[in-house]
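Summary of structural features
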Amino acid sequence: NAGVTQTPKFQVLKTGQSMTLQCAQDMNHNSMYWYRQDPGMGLRLIYYSASEGTTDKGEVPNGYNVSRLNKREFSLRLESAAPSQTSVYFCASSETGGGPETQYFGPGTRLLVL
Amino acid sequence: GQSLEQPSEVTAVEGAIVQINCTYQTSGFYGLSWYQQHDGGAPTFLSYNGLDGLEETGRFSSFLSRSDSYGYLLLQELQMKDSASYFCAVRAGQNFVFGPGTRLSVLP
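What counts, and where the lines are drawn
Residues numbered from 1 in each chain as written. Chains lettered and ligands numbered in written order. Predicted model: local features only at pLDDT ≥ 70, side-chain atom pairs only at ≥ 80, totals over all residues. Heavy atoms only, no water. Helix = DSSP H or I, 4+ residues; strand = E, 2+ residues; numbered from the N terminus. Buried < 20%, exposed > 50% of the residue type's maximum accessible area, 1.4 Å probe, protein only. Contact = heavy atoms within 4.5 Å. Areas by Shrake-Rupley, 256 points an atom, 1.4 Å probe, with all protein chains shown as cover. Core = buried A, V, L, I, M, F, W, Y, C linked by side-chain atoms within 4.5 Å. Buried area = accessible area lost by both parts, 1.4 Å probe. Salt bridge = Lys/Arg side-chain N within 4 Å of Asp/Glu carboxyl O. Polar contact = N/O pair within 3.5 Å; in protein donor to acceptor, adjacent residues only side chain to side chain. Pairing = 2+ DSSP bridges. Axes fitted to C-alpha atoms, helices over the stretch in contact; angles between N-to-C directions. Phe/Tyr/Trp six-rings, centres within 6.5 Å; stacked < 30°, edge-to-face > 60°. Disulfide = S-S within 2.5 Å.

Structural notes on the overall build of chain B
Along the backbone of chain B there are 0 helices and 11 strands. Its C-alpha atoms put chain B at 40 × 30 × 20 Å along the principal axes. Taken across its 108 residues, chain B has 46% of its residues classed as buried. A sequence separation of at least 24 residues applies to 55% of the contacts in chain B between residues at least 6 apart. Counting every atom, chain B has about 5,000 Å² of accessible surface; 47% of that belongs to carbon and sulfur.

Written out as structure tokens, the structure is:
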């Protein structure tokens, strides 16, 4: 089991460029999440998907779009990157429906927007 | 809305015990989780409290008091490898909200 995988690991963009961050999980989880983490700060939720075919905004959705392609994959798109989007992006997944709420995180994508 | 508060930094010596507190304000509380994150790494799950009381997992314990909207993470027999950031998180509906994190430094 690979758990949660993310690509790319690092990316440098120029202001105005677009890119898509990819995330996949092999744990058959229903829920998937995208977070950003700025230096010395906690995680802020961008978007989440409670199940295949549904997506909802989190705390900081502006400037981002998401696609839940299937149960395994959840992508995050920056249409026109801005320096304020320089951050580390983490994808996570969890099995909802009761019991301990454990989120499993991918290794992160480090994004620098110049 | 939801908000969580944690101390920003805690320092302790190897072998000691340290407690990291978390207070929260949230609607529709489902439980309190704790995550550990080493520098440059991804958060990893440590512990979860769905009901009041103490949960023990090896050297780590976590406590919850729903009436006080308060919980803590207790780390015993501290080791150098425990130096990391620790986040509390609450489930709010279908999403999670994380606290700002507490940076633990373990000194020799």
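Examining the nonpolar core
As a rule of thumb, nonpolar side chains are buried together in soluble globular proteins. Judged by nonpolar contacts, the single largest core of 22 residues is most densely connected at Leu4, Leu32, Trp34, Leu75, Tyr86 and Leu104 of chain B. Those elements giving two or more residues to this core turn out to be strand S2 (9–13), strand S3 (18–25), strand S4 (29–37), strand S7 (60–65), strand S8 (70–75), strand S9 (84–92) and strand S11 (102–107) of chain B. Judged by nonpolar contacts, the second largest core, of 20 residues, contains Leu13, Ile46, Tyr47 and Val60 of chain A.

Some words on the interface of chain A and chain B
Tallying the contact residues gives 21 residues for chain A and 17 residues for chain B. The junction of chain A with chain B conceals about 1,600 Å² of combined surface from both sides, 60% of it contributed by carbon and sulfur atoms. For the chain A face of the interface with chain B, the top three residues by lost area are Leu43, Glu101 and Phe105 of chain A, together amounting to 33%. Scanning the region where chain A abuts chain B turns up 0 salt bridges.

Examining the environment of Arg44 of chain A
Residues and elements named next belong to chain A. Relative to the elements of secondary structure, Arg44 occurs in strand S5 (residues 43–49). For Arg44, the contacting residues outside a window of four places in its chain are Trp34, Tyr35, Arg36, Asp38, Glu59 and Val60. Polar side-chain contacts of Arg44 include one of 2.6 Å to the side chain of Asp38.

Comments concerning the sheet that holds strand S1 (residues 3–5) of chain B
All names here are of chain B. Spatial strand order, S1-S3-S8-S7-S6: 5 strands in an open sheet with antiparallel pairing. The sheet is open, and its two edges are formed by S1 and strand S6 (53–57), each paired on a single side. Recorded for the sheet is a direction-independent mean angle of 20 degrees between the axes of neighbouring strands. Two strands pair when backbone bridges link them, and S6 and S7 are joined in this way by 5 bridges, in the antiparallel orientation. Directly across from Glu56, in S7, lies its bridge partner Ser61.

Some details on the packing of aromatic side chains
Applying the stated criterion across every chain yields a total of 12 aromatic pairs over all chains. Between Tyr35 of chain A and Phe98 of chain B the ring centres are 5.3 Å apart and the planes differ by 85 degrees, which places this aromatic pair in the edge-to-face class. Placement of Tyr35 of chain A in strand S4 (residues 31–37) and of Phe98 of chain B in strand S10 (residues 95–98) is noted, with the two residues assigned to different chains. Neither Tyr35 of chain A nor Phe98 of chain B differs from the other in exposure class; each is buried. Their ring planes at 75 degrees and their centres at 6.1 Å tell us that Phe105 of chain A and Phe98 of chain B sit as a pair that is edge-to-face. Taken together, the positions of Phe105 of chain A in strand S10 (residues 103–105) and Phe98 of chain B in strand S10 put the pair across two chains. Here a set of aromatic residues connected by ring pairs shows up, and it is made of Tyr33, Tyr35, Tyr48, Phe90 and Phe105 of chain A together with Tyr35, Phe45 and Phe98 of chain B.

Remarks on the state of the cysteines
The tally for this structure, following the rule as stated, stands at 2 disulfides over all chains. Here Cys23 of chain A engages in a disulfide with Cys91 of chain A; their sulfurs sit 1.8 Å apart. With the S-S dihedral at roughly -70 degrees, the linkage between Cys23 of chain A and Cys91 of chain A falls on the left-handed side. Residue Cys23 of chain A is found in strand S3 (residues 19–25), and its partner Cys91 of chain A is found in strand S9 (residues 87–94); the two are separated by 68 residues along the sequence. For the pair formed by Cys23 of chain A and Cys91 of chain A, the shared burial category is buried. For Cys22 of chain B, the disulfide goes to Cys88 of chain B, at an S-S distance of 2.1 Å. Note on the Cys22 of chain B and Cys88 of chain B pair: the S-S dihedral is about 75 degrees, so by sign convention the disulfide is right-handed.

Observations regarding the sheet that holds S3 of chain A
All names here are of chain A. Here we have 4 strands laid out as an open sheet, ordered S1-S3-S8-S7, and antiparallel in their pairing. In this open sheet, the two strands that pair with only one neighbour each are strand S1 (4–7) and strand S7 (64–68). Ignoring which end each strand starts from, the neighbouring axes of this sheet average 15 degrees apart. Two strands pair when backbone bridges link them, and S7 and strand S8 (residues 74–78) are joined in this way by 5 bridges, in the antiparallel orientation. The residue bridging Asn65 from the neighbouring strand is Arg77, located in S8.

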